[in-house]
Amino acid sequence: MSKQVRSLRRAALAASVMAAVAASSAAQAQETEAAAAEWDAPFVFNMVRSPGLASSPSCVVKAKGRVSIQKVGEAEEMTVQVQGLPPNTEFDLFVLSVPNFPFGLGWYQGDIKTDWQGKGKQKFIGRFNKETFSLAIGNSVAAPHVHNGPFPDAATTPLTPPVHQYHLGLWFNSPADAQKAGCPGAVTPFNGKHNAGIQVLNTSNFPDLAGPLKRVK
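Described in the following lines is the structure provided in the data block. These numbers were taken from a predicted model, which means no experiment stands behind them.

### Remarks on the packing of aromatic side chains
Per the counting criterion, the structure on display carries 11 aromatic pairs. Taken together, a centroid distance of 4.9 Å and an interplanar angle of 40 degrees make the contact between Phe 91 and Phe 172 tilted. Here Phe 172 lies in strand β11 (residues 167–172) and Phe 91 lies in strand β4 (residues 90–96), a separation of 81 residues in the sequence. According to the relative accessible area criterion, Phe 172 is buried, its value standing at 0%. For the pair Phe 94 and Tyr 108, a centre-to-centre distance of 5.0 Å together with 20 degrees between the ring planes defines the contact as stacked. Of this pair, Phe 94 sits in strand β4 while Tyr 108 sits in strand β5 (residues 106–113), and the two are 14 residues apart along the sequence.

### Digging into the pattern of salt bridges
Applying the stated criterion across every chain, the model contains two salt bridges. Here Arg 127 ties to Glu 76 by a salt bridge, and the two come within 2.5 Å at their closest N and O atoms. With Arg 127 in the loop between β6 (120–126) and β7 (133–136) and Glu 76 in strand β3 (residues 75–83), this pair connects stretches of sequence that are 51 residues apart. Judged by its relative accessible area of 1%, Glu 76 falls in the buried class. Among the salt bridges present, the one from Glu 131 reaches Arg 127, with a minimum N-O distance of 3.9 Å. Given a relative accessible area of 27%, Arg 127 falls into the partly exposed group. One salt-bridge network, in which partners are shared between bridges, spans Glu 76, Arg 127 and Glu 131.

### Overview of the layout of surface pockets
Size it by volume and the largest pocket reaches roughly 660 Å³. Lining the largest pocket are 22 residues, with Leu 105, Gly 106, Asp 153, Ala 154 and His 194 positioned closest to its centre. Looking at the lining of the largest pocket, the elements that each hand over two or more residues are β5, β7 and β9 (156–157). The dominant element in the lining of the largest pocket, judged by the number of residues it contributes, is β7, at three residues. Of the pockets and cavities examined, the second largest pocket occupies roughly 350 Å³. Contributing to the lining of the second largest pocket are 22 residues, with Phe 101, Phe 103, Trp 171, Thr 188 and Gln 199 lying nearest its centre. Classifying every residue of the lining of the second largest pocket gives 13 nonpolar, nine polar and no charged.

### A short note on the sheet that holds β3
Spatially, β5-β4-β11-β12-β1-β2-β3-β6 is the arrangement adopted by the eight strands of the open sheet, whose pairing is antiparallel. Two strands bound the open sheet, and with one partner strand each, they are β5 and β6. On average, adjacent strands in this sheet sit at an angle of 25 degrees to one another, irrespective of strand direction. The sheet contact formed by β3 and β6 spans seven bridges and is antiparallel. Within the sheet, the bridge partner assigned to Gln 81 lies in β6 and is Lys 121.

Conventions used here
Residues numbered from 1 in each chain as written. Predicted model: local features only at pLDDT ≥ 70, side-chain atom pairs only at ≥ 80, totals over all residues. Heavy atoms only, no water. Phe/Tyr/Trp six-rings, centres within 6.5 Å; stacked < 30°, edge-to-face > 60°. Helix = DSSP H or I, 4+ residues; strand = E, 2+ residues; numbered from the N terminus. Buried < 20%, exposed > 50% of the residue type's maximum accessible area, 1.4 Å probe, protein only. Salt bridge = Lys/Arg side-chain N within 4 Å of Asp/Glu carboxyl O. 1 Å grid on protein atoms, 1.4 Å probe; cavity = no way out; pocket = protein on both sides within 12 Å on 5 of 7 lines; lining within 4 Å. Points joined across faces, edges and corners; volume = space filled by probe spheres on them. Nonpolar A, V, L, I, M, F, W, Y, C, P; charged D, E, K, R; others polar. Pairing = 2+ DSSP bridges. Axes fitted to C-alpha atoms, helices over the stretch in contact; angles between N-to-C directions.

Pasting the structure below:
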């Protein structure tokens, strides 16, 4: 075999190896991009002004919210953005069985404080998908009694089979703040001390038994 033929064969082999490597790299890049696209595609939905405010036409008339839920490992990261609310005011976020009164079971997530423009943003990490639920099984047991007031803590834990919670609701942290904003000053249990104001936003734009969290796999 001549030196020229051997040289041509080596060149052809090298070219085929490079082509295979390039094809493999391209396939891996496509798989990575596909995985990243799936990972980077959060579930996004809106919160609306609470229907319970229909009789209070001057109360937070421009209130609205937007929620994004992104899977993070074995949990979810939920980002809640709100606007059209009173400036420099604290609000309390709950995960609920149903969005409007009587709300069903509620799970206190945390607080959102608005800035000088009446906008606020907060991130929460937990279980915010179709598996979100609360329960209390077995016999009734004693419960910690920490707060007294218009809505004192229960002395015992009631028996509760698994109940899914797929809705969100946002409340004024203070009845006084609600009144300052031209809203009713009713006291509700929806903050850490059970002396919150009224609900301002919720997810009643979804059916009662099919809240937005149910759509997160």
